[in-house]
Amino acid sequence: MNGKKVMMTIGCLAMSLLLAGGVQTAEAKKDKASVVSSTEAEGGYLYSSKDYGYMIVCPKKPHVIPVNLLMEGKKGEALIFDNDGYHIQNAWLVLTDAFDKKKTPDFNKMNGAEAKKYLEDIMQSNPYEGVMVVNLNQNNKAIYALTAKEVELDTDGDGKPDVTAKADTQMAVLFFRGNKGGCYSLQLIDNPELRESEIVKFQNGAMTFKEK
């Protein structure tokens, strides 16, 4: 699946979105055809974390390992659904303390212009192919991004990209505040290519996330 198709999938399936220029922002809509209800995700497995105090509905019972085994210095858990030995083929990463609350705006309080500027800043400082504000649920917004398969790097410090680095895979990434104020990131690993079906499961699961 190419990046353009993935972004179209993200934009159309699970969250109600509003395009704003080249960067995408979101506002609440009541179009039932464009929003996947969280109740549709409740036929899966309800995972309740004892160590980090959250619950989330998964497609099936995951194998759980500390996330710092995959991402050094990070806190949280990797919910693994499919693997071949040490090679993870499909998983959700749940990162706690994923961003600095004091330095990060309240996504629910940003107006359209503020959101557009914030997303543009994110795109300039991160290797993302696309980024948007989405409605995680009726009362909570999140930042949703897709990592890029190709990233242009400035290796000689002249301010201009001179090398193109290619990633083996892409990830879908969410940043949001929990219902009790925790700062989380939920990330989808799906190797070797992001599949539309897994993006839908990931988005459905994200809408069921709850701090205990």
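Chemist: I tried to follow the packing of aromatic side chains on my own but got confused; where do I start?
Modeler: Aromatic ring pairs are described here by two measures, namely the spacing of the ring centres and the angle between the planes. Tallied over the full model, the rule gives eleven aromatic pairs. Ring geometry for Phe-107 against Tyr-118: centres 6.1 Å apart, planes inclined by 40 degrees, an arrangement best described as tilted. Pair noted here: Phe-107 is in the loop between strand E7 (87–96) and helix H2 (112–125) and Tyr-118 is in helix H2, with a separation of eleven residues, a long-range link. For Phe-107, a relative accessible area of 3% gives the class buried. The exposure class of Tyr-118 is partly exposed, given its relative accessible area of 22%. Aromatic pair Phe-176 and Tyr-184: ring centres 6.0 Å apart, planes at 20 degrees, arrangement stacked. Exposure remark for Phe-176: the relative accessible area of 1% places this residue in the buried category.

Chemist: Quick question: what am I supposed to make of the sheet that holds strand E3 (residues 45–48) here?
Modeler: One key point about sheets: their strands pair by backbone hydrogen bonds, in either a parallel or an antiparallel sense. Sheet architecture is open: three strands sit in the order E3-E4-E14, paired in antiparallel fashion. Each edge of the open sheet is held by one strand with a lone partner, namely E3 and strand E14 (210–211). The sheet contact formed by E3 and strand E4 (residues 54–58) spans four bridges and is antiparallel. Across the sheet, the residue bridging to Ser-48 is Met-55, located in E4.

Chemist: I tried to follow the nonpolar core on my own but got confused; where do I start?
Modeler: Nonpolar side chains tend toward joint burial in soluble globular proteins. In this structure, Ile-56, Leu-79, Trp-92, Leu-174 and Leu-186 are the most contacted members of the largest nonpolar core, which totals 25 residues. Sorting the residues of this core by element identifies E4, strand E6 (75–84), E7, strand E8 (128–137), strand E9 (140–147), strand E12 (171–177), strand E13 (183–190) and helix H3 (196–206) as the ones contributing at least two each. Of all hydrophobic cores here, the second largest spans 14 residues; its members include Met-110, Ile-122, Val-131 and Val-173.

Chemist: Even after reading the chapter, I still don't get unusual backbone geometry, so can you show me in this structure?
Modeler: Where the residue is not glycine, phi is negative for most of them; where a peptide bond is considered, it is trans in most cases. The peptide bond linking Asn-191 to Pro-192 adopts the cis configuration, its omega dihedral lying at 5 degrees. Within the secondary structure, Pro-192 sits in the loop between E13 and H3. You will see that Asp-97, though not glycine, has its phi angle at about 45 degrees, which is positive. The residue Asp-97 is located in the loop between E7 and H2 in this model. Accessibility expressed as a relative area gives 54% for Asp-97, which makes it exposed.

Chemist: I'm lost on the pattern of salt bridges in this one. Help?
Modeler: Oppositely charged side chains can pair when the atoms bearing their charge come close. As enumerated under the stated definition, the model contains seven salt bridges in all. Across the salt bridge formed by Asp-121 and Lys-117, the nearest N and O atoms sit 2.9 Å from each other. On the criterion of helical spacing, the pair formed by Asp-121 and Lys-117 is a turn pair, its members being four residues apart in helix H2. Asp-121 gets classed as partly exposed once you look at its relative accessible area, which sits at 32%. When its relative accessible area of 47% is taken as the criterion, Lys-117 is described as partly exposed. Arg-195 is paired through a salt bridge with Glu-198; the nearest N and O atoms lie 3.8 Å apart. Judged by its relative accessible area of 8%, Glu-198 falls in the buried class. Among the ionic contacts, a cluster of salt bridges with common partners joins Asp-190, Arg-195, Glu-198 and Lys-201.

Criteria and cut-off values
Residues numbered from 1 in each chain as written. Predicted model: local features only at pLDDT ≥ 70, side-chain atom pairs only at ≥ 80, totals over all residues. Heavy atoms only, no water. Phe/Tyr/Trp six-rings, centres within 6.5 Å; stacked < 30°, edge-to-face > 60°. Helix = DSSP H or I, 4+ residues; strand = E, 2+ residues; numbered from the N terminus. Buried < 20%, exposed > 50% of the residue type's maximum accessible area, 1.4 Å probe, protein only. Pairing = 2+ DSSP bridges. Core = buried A, V, L, I, M, F, W, Y, C linked by side-chain atoms within 4.5 Å. Salt bridge = Lys/Arg side-chain N within 4 Å of Asp/Glu carboxyl O.

By themselves these figures say nothing about function.
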